[in-house]
Amino acid sequence: MDPLRNTRLPDLPLHRLEVPLPHLMPFAIGTFDTIGPLSRASFPHRHTFYEIVHVTGGSGAHVLDLVRRPVEPPQLCVITPGQVHHWAEADGLTGQVVLFDEDFLLPHADDAAALRVLAGRPGHPAADQAAPIAALLAEMGREYRDLRPGYRNVLRACLHILITRASRTPGTAGPPPGAPAPARDRSAELAAAFGRLLCEPGGAGRPVGWYARELGLSAGHFQTLVRRATGLSPGRLIRRQQTLEAKRLLSGTTMTVRQIAHLAGFSDPAYFCRFFRRETGMSPGEFRDRAGRNHHDPRIESIAAHPDGP
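J.: Just to check I follow, could you spell out the packing of aromatic side chains for this structure?
T.: Each aromatic ring pair is described using two quantities: the centre-to-centre distance and the angle formed by the ring planes. Tallied over the full model, the rule gives 12 aromatic pairs. Of the aromatic side chains, those joined through ring pairs into one cluster are Phe266, Tyr271, Phe272, Phe275, Phe276 and Phe287. Looking at Arg206, its charged tip hangs above the ring of Trp210, at a distance of 4.1 Å from the centre.

Shown next as structure tokens:
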């Protein structure tokens, strides 16, 4: 089964993650061919998940948030949730594609910020990291296919190393001193600032109006710019961050539900439990029970291949 599914939004197609067998991880790795034809989509679309592509062959261009960059293998392309991208005039694309959602980053919270930095360009040369990255992806592919004991932990560790190695590639640390700053879309700039504030300690507990005032915008303009950049409302992004923070605390601490509710921005633990069930399809206790194993949100499409391999 193709791990990518295409649904329609009013303005752009939205690719969601789909799990043919819900007990498997929100993660997949494969080639352009094994992941499926949507991995080479030539039409602009958004993702609800992260994608890392190591392009090893082919021609054309990758267009990310309206910025076009020629395909020049070996090359890395990183796409984060909400970004708009497509492959233009692509021919013979080869390489490895890694797909995963926010849950898969829980053990390494800083990786989400690193991925946002990497996604600032539509593609960049792998340079001296090409061989180590290719070897690491091959190892991840074997772990994903073989499903040996502990494979989930190995894959999470490998993903963290992959993101670290990708961060060492040229052009990921910003422009050189004195270089002119590239033109930035106002909505993308605003969404990035909102994302930074949202990820601050306690950020998920603030109302939408607080963010609009902090960023010097009217509530309506703020809503419009964030939705234009991400495809989601500020309220939805806040709820997603609250859910993510709750998941991190449930899976990584022994705090009580009351304590976690408070840290996630809820004054009423009972309301938090209703919120968490609505967002994830399970209670906080059920999520915590599954966290030591492989957990999956039954309300959200995810990605995984058949256990026989991608």
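J.: Help me understand the pairing of strand 7 (residues 75-79), please; the structure alone is not making it clear to me.
T.: Two faces, one strand: in a regular strand the side chains alternate between the faces of the sheet. In terms of burial, strand 7 is largely enclosed, as 5 of its 5 residues are buried. Where burial is concerned, the two faces of strand 7 agree: the one with Gln75, Cys77 and Ile79 and the one with Leu76 and Val78 are both buried. Bridge analysis of strand 5 (residues 50-64) against strand 7 gives 5 bridges, and the strand direction is antiparallel. Across the sheet, Ile52 pairs through a bridge with Val78, a residue of strand 7. Where strand 7 and strand 9 (residues 124-125) come together, 2 bridges link them in antiparallel fashion. Bridged to Leu76 within strand 9 is His124.

J.: Explain the packing of helix 3 (residues 130-146) against helix 4 (residues 151-166) to me, please; I cannot follow it from the model alone.
T.: When two helices pack together, their arrangement is given by the angle between the helix axes and the distance between those axes. As a packed pair, helix 3 and helix 4 sit with axes 10 Å apart at the nearest point and diverge in direction by 165°. Taken together, helix 3 and helix 4 sit at an angle that is classed as roughly antiparallel. As helix 3 runs across helix 4, the sense of the crossing is left-handed. In this structure, helix 3 uses Pro132, Ile133, Leu136, Leu137, Glu139, Met140, Glu143 and Tyr144 to contact helix 4, whose residues at the interface are Tyr151, Val154, Leu155, Cys158, Leu159, Ile161, Leu162, Arg165 and Ala166. Considering only residue class, the contact of helix 3 with helix 4 consists of 14 nonpolar, no polar and 3 charged.

Scoring rules and cut-offs
Residues numbered from 1 in each chain as written. Predicted model: local features only at pLDDT ≥ 70, side-chain atom pairs only at ≥ 80, totals over all residues. Heavy atoms only, no water. Phe/Tyr/Trp six-rings, centres within 6.5 Å; stacked < 30°, edge-to-face > 60°. Lys NZ or Arg CZ within 6 Å of the ring centre and 35° of its normal. Buried < 20%, exposed > 50% of the residue type's maximum accessible area, 1.4 Å probe, protein only. Helix = DSSP H or I, 4+ residues; strand = E, 2+ residues; numbered from the N terminus. Pairing = 2+ DSSP bridges. Axes fitted to C-alpha atoms, helices over the stretch in contact; angles between N-to-C directions. Parallel < 35°, antiparallel > 145°, perpendicular 65-115°, else oblique. Left-handed = near helix turned anticlockwise from the far one by under 90°. Contact = heavy atoms within 4.5 Å. Nonpolar A, V, L, I, M, F, W, Y, C, P; charged D, E, K, R; others polar.

Any functional reading would require information that these geometric values do not contain.
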